[in-house]
Structures are given as structure tokens and as C-alpha cells.
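Reading the structure
Here are the chains, one letter per residue:
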Amino acid sequence: MNENTKITLFDLEKQKILEESGVIEFKNRLSLAQEGMSGNAFAKKVGMSEAVIRDYLSGKTYPSLNRLAQIAKSCDISIEWLATGRGECRLLSNTLTTQIVHIPAYQESKSSLLQDETSNTNNRSNPINKISFDLRCIKTHDFDINDLYVYWAKGDSMAPTIANNDTIIIDTGHTQLFDGYLYIVEYGDALSIKRIQNHGKYLLLIPDNDKYQSIKIDKTLCNQELKIIGKIIAILKDLS
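What comes next is a walk through the structure. Every residue gets a number counted from 1 within its own chain, in the order that chain's sequence is written. Predicted model: local features are reported for residues with pLDDT of at least 70 only, side-chain atom pairs are reported and counted for 80 or more only, and whole-chain, interface and lining totals are derived from all residues. Computation of side-chain values: all heavy atoms of the structure, hydrogens and water removed.

**Digging into the pattern of salt bridges**
Salt bridge, as used here: a side-chain nitrogen of Lys or Arg that lies within 4 Å of a carboxyl oxygen of Asp or Glu. On inspection of all chains with the given rule, the structure shows 3 salt bridges. Here Lys 211 ties to Asp 156 by a salt bridge, and the two come within 3.4 Å at their closest N and O atoms. Taken together, the residues span a long stretch of sequence, with Lys 211 in the loop between β7 (202-206) and β8 (215-218) and Asp 156 in the loop between β3 (148-152) and β4 (167-171) at a distance of 55 residues. Its salt-bridge partner being Asp 208, residue Arg 195 comes within 2.7 Å of it at the nearest N-O pair. With Arg 195 in strand β6 (residues 190-199) and Asp 208 in the loop between β7 and β8, this pair connects stretches of sequence that are 13 residues apart. Looking at Arg 195, the relative accessible area reads 8%, which means it is buried. Residue classification places Asp 208 among the buried positions, given a relative accessible area of 17%. Elements are defined by DSSP. Helices are runs of H or I of four residues or more, strands are runs of E of two residues or more, and each kind is numbered from the N terminus. In this scheme, a residue with accessible area under 20% of its type's maximum is buried, one over 50% is exposed, and one in between is partly exposed, where area comes from a 1.4 Å probe on protein chains only.

Structure, rendered in C-alpha cells:
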């Protein structure tokens, strides 16, 4: 057995251990703990650099035990859950009687919505185009479960916070804008994910990726140019 074969077998065994332990999905759980905060804001919250958090969220590296404990304490979550996915997410008890919910996909256009109504796939009792989600992973629950929808992100304009094909949970009942939060908006006949910021007479739609420019919208024209679909309350990282 040559040296290259030994390295390959070692890597495969390492990958198997990471998958069986649940560690490989760490970036998914860290993204939930981030709760839509910008990478910079979240890094300050947990006392680490933005570059370190970016590497964790991309799956490039994993935290040491002391850093894992630091993140868990800062976010008020279980260190066991953060590391492995086992146990309860939040340290505080939750009063919700329903914790696992089945959230339907948000329909992007009237034509697709019409098609789904014909085939009954838009019905909340139908399991097609739904994901199962544990509400205990969300710190606050001031929403109606029936207002929750799932949406799959497209493109890299919100990287590293949100990557292409990440799974987004949106609350369509909350369309009131708050500075710094993430929203799904309809602008220019297309859906996009943006961070919202008030600037006097204007609204800024801000991408987290520096390669893209912010969009400035006159508040007097917001009703004609912009539609707020909902607030993002959870992000599930794509592990493929």
C-alpha cells in the first residue's frame, strides 16, 4: 500500500467519523444559531473574527472545544447540540406543544401557484414540497405557524451568510421592516434575499457579498417597486 493510498483511506475514515458523529453538519447548526445576523455582527457576538466564522460556516474548518463552548455560551444553546446535533437546541425550556412542523415551499409566481393548486401540492396537509423543522431551534416564537414557508436560496449575493441552495425559513406574517434583518423581497419581478436598512428618504437593499452593490429605493416609490414577502427566521446550510 503506497503513501497516497494510506492518505485516501485516512480521509475516508475521517469523513465517516464526522458523518456518524453529526459533526459534519456543524455549519448547519451554527447557521441556525446565527439567526440571520451578518457575519461581522455574529463574530462580535461570539468574540471571534469574521474570517474564522466564515470558515466554520463554509465547512472549511471546525472549532476547538474551547471555541465551541464560547459559541454555545454566547448564543445560549447546548454545546452538545451545537457539536453533534443531539439533545435540545436551546438551554431554556420551551412552552410550545408542537415542536416539529412540516413547512411548505413558497411559490415564486402566480403561474406556479396555480399549477400547484390544481395538483393539490400547495395544500399544507400534503407532504409534497415540504420540509420538517424543529421550532425549538428558534429563540423567539412570535409567529403563526401557518405563516411559515420554506425557500431555497439562489446565487451568492448573500454569501457567506447564505449560499446557493441553502434552505431558508421565512415568516410571511412579519413584513414590517427592521434595520439589519434579512428579508425575502420581490423587486424587479424577481425574488431575492436582502438585508434591509433605512436611510432617511431611502431604503437600502444590502447584499452581504461585497461583489454586489446595494439597491437604493425611494420610500415614496416602495409600494410600486418593492414587495416584502417575509422575514427570514432560520437558515439551513446546504451540505452537498
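**Details of the packing of aromatic side chains**
Any two rings among Phe, Tyr and Trp, with Trp reduced to its six-membered ring, count as a pair given centres within 6.5 Å; such a pair is stacked if its planes are under 30 degrees apart, edge-to-face if over 60, and tilted if neither. Inspection of every chain in the model, using the stated rule, returns 3 aromatic pairs. Geometrically, the ring pair formed by Phe 26 and Tyr 56 is edge-to-face, given 6.0 Å between the ring centres and 80° between the ring planes. With Phe 26 in helix α2 (residues 26-34) and Tyr 56 in helix α4 (residues 50-58), the pair connects residues that are 30 residues apart, well separated along the chain. By relative accessible area, which is 2% here, Phe 26 ends up buried. Ring geometry for Tyr 106 and Tyr 149: centres 5.9 Å apart, planes at 85°, overall edge-to-face. Linking Tyr 106 in the loop between β1 (100-104) and α7 (110-119) with Tyr 149 in strand β3, this pair joins segments that are 43 residues apart in sequence. Assessed through its relative accessible area of 22%, Tyr 106 is described here as partly exposed. In this arrangement the basic side chain of Lys 216 is found over the ring face of Tyr 202, its NZ or CZ atom lying 4.7 Å from the centre. Lysine and arginine charges are scored as sitting over a ring when NZ or CZ, respectively, is within 6 Å of the ring centre and within 35 degrees of the ring normal.

**What to know about the environment of His 199**
When you line up the elements, His 199 lands in strand β6. A relative accessible area of 40% means that His 199 is categorised as partly exposed. Taking C-alpha positions, His 199 is 9.5 Å from Lys 219, a pair spaced 20 residues apart along the chain.

**Some details on the packing of α2 against α4**
Helix axes are fitted only over the stretch in contact, all axes being lines through C-alpha atoms; the angle between N-to-C directions runs from 0 to 180 degrees. Between α2 and α4, the shortest axis-to-axis distance is 7 Å and the interhelical angle comes to 125°. Compared by their axis directions, α2 and α4 come out oblique. Contacts between α2 and α4 involve Phe 26, Lys 27, Leu 30, Ser 31 and Gln 34 from the former and Tyr 56, Leu 57 and Ser 58 from the latter. An angle counts as roughly parallel when it lies under 35 degrees, as roughly antiparallel when it exceeds 145, as roughly perpendicular when it falls between 65 and 115, and as oblique in every other case. Pairs of residues are marked as contacts when any of their non-hydrogen atoms sit within 4.5 Å.

**So, the side chain of Thr 167**
Relative to the helices and strands, Thr 167 is located in strand β4. Owing to a relative accessible area of 13%, Thr 167 belongs among the buried residues under this scheme. Any N or O atom pair separated by 3.5 Å or less is treated as a polar contact, with the protein-specific requirement of one donor-capable and one acceptor-capable atom, and with residues adjacent in sequence counted only for side-chain atom pairs. In this structure the side chain of Thr 167 is engaged in a polar contact, spanning 3.1 Å, whose partner is the side chain of Trp 152.

**Observations regarding the sheet that holds β6**
The strands making up a sheet associate through hydrogen bonds between their backbones, and the pairing can be parallel or antiparallel. Ordered in space as β3-β4-β9-β5-β6-β7-β8, the 7 strands form an open sheet in which the pairing is antiparallel. Each edge of the open sheet is held by one strand with a lone partner, namely β3 and β8. Going across the sheet, the axis of each strand differs from the next one's by a mean of 45°, ignoring polarity. By this definition, two strands are paired if DSSP reports at least two bridges between them.

**Some thoughts on helix α5 (residues 65-75)**
Three or more residues of α5 are buried, namely Leu 68, Ile 71, Ala 72 and Cys 75. Buried residues along α5 cover an arc of 95° about the axis, so they all sit on one side. When the buried face of α5 is taken as reference, the exposed residues oriented beyond 90 degrees from it are Asn 66 and Lys 73. For α5, the elements touching its buried residues are α2, α3 (39-46), α4 and α6 (79-84). What the arc measures is the spread of directions leading from the helix axis to the C-beta atoms.

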